[in-house]
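Tertiary structure, described
The residues making up each chain are set out below.
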Amino acid sequence: MGLGSVIRVAIIRIASLFSADEKRSKVIFYHDIHFDKKYTNMSTPIDLFRKHIRIIRENGYEIVSEITNPVGQIEVCFDDGFLGLYDNIDLIKELNLSIHLFVVSSYFENKDHINKQQLLELSNFEFIKISSHTHTHKILNQISEKEIEYELIESKTTLENLLDKKVDTICFPEGKFNKKVIEIAKKRGYANQYTSIPGFFIDEIVPNTKGRSLVQFARAKEFLAILKGGDHILASWYKFKHFKR
């Protein structure tokens, strides 16, 4: 772990000591999990993932695919639709988890990503919710309004036609967005919009969006500090990086 990471973890752990101990609901996210075969460098080893789940439950949280209570719930998300989640679906069943999966709808033919048939299989499980991560994973605050429209409409249409289910939730690629992205997404039927800015579920650091905390490589003490809200001290920095007016 580099010096910058060490300092970041220390800040999060110290900040968590001053967080209100109310077990407020929170969204966390990963990119993939792996036992042996690894599809992305962003993948979390299964042993570490198990440890995270144990910490969540030991601290009295319920794991859900969609938060419905401002207190006591953790929503576990996976971005991009890498194959490791599909390969290890038996682990998800064993751990009795609910998962919110955000897929890029043009990635179905990519060898390291879940294909259409596999996504259909996953959609049949009640414990998995499937939502949009755009059509081609373009960074939404760096493209034209016409391109934003295409990314959002094409993804929603593709997923709804494939799954025969309503898709009304999106998370922004690389967590980057602006007011125009929010407006277009809302107009195109995305009632729920997820960022990568840390915060409790009831907090809206940017109006009409929900915060999430990246935890894929967090060790036990850092992970617990994040659950308690320690990473919220970095919210302004993430907003500066991700939200362009």
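Let me begin by describing the structure that accompanies this report.

The rules behind each value
Within any chain, residue numbers begin from 1 and follow the written order of that chain's sequence. Totals for whole chains, interfaces and linings use all residues, but because this is a predicted model, local features are given only for residues with pLDDT of at least 70 and pairs of side-chain atoms are given and counted only at 80 or more. Water and hydrogen atoms were dropped before computing side-chain values, which therefore reflect all heavy atoms in the structure. Put simply, two rings from Phe, Tyr or Trp (the six-membered ring, in Trp's case) pair if the centres are within 6.5 Å, and we call them stacked under 30 degrees between planes, edge-to-face over 60, tilted for the rest. Note on criteria: charge over ring means Lys NZ or Arg CZ within 6 Å of the ring centre, with the direction from the centre no more than 35 degrees off the ring normal. Within this document, salt bridges are pairs made up of a side-chain nitrogen of Lys or Arg and a carboxyl oxygen of Asp or Glu, the two lying within 4 Å of each other. Secondary structure elements are taken from DSSP: a helix is a run of H or I of four residues or more, a strand is a run of E of two residues or more, and numbering for both begins at the N terminus. Residue exposure (1.4 Å probe, protein chains only): buried if accessible area is under 20% of the type maximum, exposed if over 50%, otherwise partly exposed. When the sulfur atoms of two cysteines come within 2.5 Å, that pair is taken as a disulfide. A helix is expected to reach a length of 1.5 Å times the quantity of its residues less one. Note on geometry: axes are lines fitted to C-alpha atoms, helical ones only across the stretch in contact, with angles between N-to-C directions running from 0 to 180 degrees. Note on terminology: angles under 35 degrees are roughly parallel, angles over 145 are roughly antiparallel, angles of 65 to 115 are roughly perpendicular, and the others are oblique. Crossing handedness: left-handed means the near helix sits turned counterclockwise from the far one by under a right angle, and right-handed means the same turn made clockwise. What makes two residues a contact is simply this: any of their non-hydrogen atoms within 4.5 Å. Lys, Arg, Asp and Glu make up the charged group, whereas Ala, Val, Leu, Ile, Met, Phe, Trp, Tyr, Cys and Pro make up the nonpolar group; the residues left over, Gly among them, are polar. In this description, strands pair whenever DSSP reports at least two bridges between them. We call a crossover right-handed when, viewed with both strands directed away from the observer, the connection leading from the first strand over the helix to the second proceeds clockwise. Read the arc as the range of directions from the helix axis to the C-beta atoms.

**A few points about the packing of aromatic side chains**
Tallied over the entire structure, the rule returns eight aromatic pairs. An aromatic cluster is built from Tyr30, Phe49 and Phe78, whose rings are joined through pairwise contacts. Over the ring of Phe200 we find Lys26, and its NZ or CZ is 5.6 Å from the ring centre. Here the guanidinium or amino end of Arg212 rests over the ring plane of Phe29, the centre of that ring lying 3.9 Å away.

**Regarding the pattern of salt bridges**
Scanning the entire structure with this criterion turns up 16 salt bridges. With a shortest N-O distance of 3.8 Å, Glu145 and Lys180 are connected by a salt bridge. Of this pair, Glu145 sits in helix H6 (residues 145-163) while Lys180 sits in helix H7 (residues 179-187), and the two are 35 residues apart along the sequence. Residue class for Lys180 comes out partly exposed when judged on its relative accessible area of 31%.

**Points about the state of the cysteines**
In this structure the tally under the stated criterion is zero disulfides. Unpaired in terms of disulfides, Cys77 finds its nearest cysteine sulfur in Cys171, a separation of 7.1 Å. Residue Cys77 is classed as buried on the basis of its relative accessible area of 0%. Under the relative-accessibility criterion, Cys171 is labelled buried at 0%.

**Digging into helix H2 (residues 46-58)**
Each α-helix winds once per 3.6 residues, and so residues spaced three or four apart point in a common direction. In this model, H2 (13 residues) spans 18 Å end to end at C-alpha, consistent with the 18 Å of a helix rising 1.5 Å per residue. By the burial criterion, the buried members of H2 are Ile46, Leu48, Phe49, His52, Ile53, Ile55 and Ile56. Directly after H2, the chain includes Gly60, whose backbone phi takes a positive value near 85 degrees.

**Some thoughts on the packing of helix H5 (residues 116-123) against H6**
A pair of packed helices is characterised by two quantities: the angle between their axes and the separation of those axes. At a closest axis distance of 10 Å, the pairing of H5 and H6 adopts a crossing angle of 65 degrees. Judged by the angle between their axes, H5 and H6 are roughly perpendicular. At the point where H5 passes H6, the crossing takes the right-handed sense. For the pair formed by H5 and H6, the contact residues are Lys116, Leu119, Leu120 and Ser123 on the first element and Leu159, Leu162 and Leu163 on the second. Its residues placed into classes, the contact of H5 with H6 shows five nonpolar, one polar and one charged.

**Some points on the pairing of strand E7 (residues 128-132)**
The buried fraction of E7 is high, at five of five residues. With five bridges connecting them, strand E6 (residues 99-103) and E7 associate as parallel partners. In the strand pairing of E7, Val103 is matched with Ser132. Handedness of the β-α-β unit built from E6, H5 and E7 comes out right-handed.

**Here's the deal with helix H9 (residues 235-242)**
Taken together, the buried positions of H9 are Ala235, Tyr238 and His242. On an axial view of H9, the arc spanned by its buried residues comes to 65 degrees, and they lie on one face. Residues of H9 that are exposed and angled more than 90 degrees away from the buried face: Ser236 and Phe240.

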